[in-house]
Amino acid sequence: MNVEAEQTVTGRWRLERVDPADLLKRTPGMDRVMLAFIEEGLRHERLGHVETVREADGEMLVAGGQHDARIDCAMLARRVELDTTTIMRGKVYPRLDFYAEGDRRVFSLTGL
């Protein structure tokens, strides 16, 4: 994957020429993650290992031992940003923010 990044502020980068579906398909190789969905004041978080990610019937199916999630491909993202500003006990928790049109963050993926 050939990704270009533009730093917008300290610790945040806008990822250029990145396919959001391709990013999600890479999560099974990661350790635990938090997948957080945000919609009209409602937040749902999915914690744990991602075992499989596949595309079917216009949706990305993100599955793991603790929880499964379905993401409408039309909602995936118009823009993806990397945020490395969250630091707790000396550890950086990198987060990918997936934005829809109008700068509305649809969901985030945080490495734990």
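Up top is the structure.
### Let's talk about the nonpolar core
Here is step 1: Of all hydrophobic cores here, the largest spans 21 residues; its most connected members are Ile71 and Phe107.
Here is step 2: Among residues more than four places away in sequence, those in contact with Phe107 are Leu24, Leu35, Ala36, Phe37, Ile38, Ile71, Leu76, Leu96, Asp97 and Phe98.

### Some points on the sheet that holds strand 6 (residues 59-63)
Here is step 1: With antiparallel pairing, the 3 strands of this open sheet are ordered in space as 5-6-7. In this open sheet, the two edge strands, each paired with only one partner strand, are strand 5 (52-56) and strand 7 (68-72). Between one strand and the next, the sheet's axes are offset by a mean angle of 20°, whatever the strand orientation.
Here is step 2: Sheet analysis places strand 5 next to strand 6, joined by 5 bridges and oriented antiparallel. Looking at strand 6, one finds that Ala56 is bridged to Glu59.

About the criteria used
- Residues numbered from 1 in each chain as written.
- Predicted model: local features only at pLDDT ≥ 70, side-chain atom pairs only at ≥ 80, totals over all residues.
- Heavy atoms only, no water.
- Core = buried A, V, L, I, M, F, W, Y, C linked by side-chain atoms within 4.5 Å.
- Buried < 20%, exposed > 50% of the residue type's maximum accessible area, 1.4 Å probe, protein only.
- Contact = heavy atoms within 4.5 Å.
- Pairing = 2+ DSSP bridges.
- Helix = DSSP H or I, 4+ residues; strand = E, 2+ residues; numbered from the N terminus.
- Axes fitted to C-alpha atoms, helices over the stretch in contact; angles between N-to-C directions.

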